[in-house]
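Descriptive structure summary
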Amino acid sequence: MRELCDKHNLLLILDEVQVGMGRTGKLFAYEHFGVTPDIMTLAKALASGAPIGTMLAREDVAVAFVPGTHGSTFGGNPLVCAAALETVRTILEDGILNRCEEIGEYLIGELESLQKKFPAVVKNVRGIGLMIGMGLHIPGGEIVKKGHEKGLLLNVTHDTVLRFVPPLIVSKAEVDEMIKILSAILAEV
Ligand SMILES: Cc1ncc(COP(=O)(O)O)c(C=O)c1O
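A brief report on the enclosed structure follows.

Basis of the calculations
- Residues numbered from 1 in each chain as written.
- Predicted model: local features only at pLDDT ≥ 70, side-chain atom pairs only at ≥ 80, totals over all residues.
- Heavy atoms only, no water.
- Salt bridge = Lys/Arg side-chain N within 4 Å of Asp/Glu carboxyl O.
- Helix = DSSP H or I, 4+ residues; strand = E, 2+ residues; numbered from the N terminus.
- Buried < 20%, exposed > 50% of the residue type's maximum accessible area, 1.4 Å probe, protein only.
- Phe/Tyr/Trp six-rings, centres within 6.5 Å; stacked < 30°, edge-to-face > 60°.
- Pairing = 2+ DSSP bridges.
- Axes fitted to C-alpha atoms, helices over the stretch in contact; angles between N-to-C directions.

1. Concerning the pattern of salt bridges
With the rule as written, the count across this model stands at nine salt bridges. Residues aspartate 6 and arginine 2 are paired through a salt bridge, measuring 2.9 Å at the closest nitrogen-oxygen approach. Of this pair, aspartate 6 and arginine 2 both sit in helix H1 (residues 2–8), separated by four residues, roughly a single helical turn. We classify aspartate 6 as exposed; its relative accessible area is 51%. Two residues, arginine 58 and aspartate 38, come together in a salt bridge whose shortest N-O distance is 2.2 Å. Of this pair, arginine 58 sits in the loop between strand S3 (54–57) and helix H2 (59–62) while aspartate 38 sits in the loop between strand S1 (13–15) and strand S2 (39–42); the two residues are 20 residues apart in sequence, bridging distant segments of the chain. Looking at arginine 58, the relative accessible area reads 36%, which means it is partly exposed.

See the structure below:
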C-alpha cells in the first residue's frame, strides 16, 4: 500500500483506533511493519475511556486544515485532551509498552499450551502484544456462556474466534486465573 501510494502520489491513511496506543506493544501498530502513514486516526484508548477521536497528519499534509476548516461540537475540549495527554505520558513513561509486550508473550504462550492440550477444540493462537485471537474448530458461543457463569468475560468474534484484548495493565496473576478458568471450560466442551 505504501509503495502504491508513493508511486501514484496518494495519501496513506492508517486506522489505529483499535491497534494504537500500546495495544500491540508499540505505541502505534504500524511501527511493527516499517511503514509510516501520511494520516492516522486514533480514539478509544487514547484518553483512557474519556471520549476522544483524532486525526493526525504529517506536517505538509496537515496544512490543508486551518483553524475553522473542520468543526465538531465537543472537538478539542480541554478536559478530554488533558486525559489524552496524561494517557500518552503514562504509556511512554511508566513502562507500559514493555509490560504489554512481555505479558502478551506470556498470554500467547499460555494459550498455545491450551491449544496443545485441547487440539480438538483449539485451532490456532495468533496476535501481537495484547491483541490476541484463539481460533476454534467449533462455534465459541458455549465457551463464552460458560465463561460468564464462571466469572470470566470472554468475547467471540466471527463465531469461531475468542478475542483477548485485556487492559494493558493486566497482571500475570490475572492471566493465570483466566487460563485456569478457560482450561476448565475447554475440558468441558
Ligand atoms: C478500527 C476502528 N476504527 C474506527 C472506529 C470508529 O471510531 P469512533 O467511534 O471513535 O469514530 C472504530 C470503532 O469501533 C474502530 O474499531
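Let's pick the thread back up.
2. Considering the packing of aromatic side chains
This structure, assessed with the given rule, holds one aromatic pair. For the pair phenylalanine 28 and tyrosine 30, a centre-to-centre distance of 5.8 Å together with 10° between the ring planes defines the contact as stacked. Note on phenylalanine 28: relative accessible area 15%, which makes it buried. In this structure tyrosine 30 comes out as buried when scored by relative accessible area, which is 18%.

3. Section: the sheet that holds strand S6 (residues 155–157)
What links the strands of a sheet is backbone hydrogen bonding, and the strands pair in either a parallel or an antiparallel sense. The sheet built from four strands is open, its strands ordered S4-S5-S7-S6 with antiparallel pairing. Taken across any chain shown, the strands that pair with only one partner, and hence form the sheet edges, are strand S4 (122–128) and S6. Geometrically, the sheet is characterised by an average inter-axis angle of 30° between neighbouring strands, direction not taken into account. In the sheet, S6 pairs with strand S7 (residues 161–164) via three bridges, with the strands oriented antiparallel. Its bridge partner lying in S7, threonine 157 is registered against valine 161.

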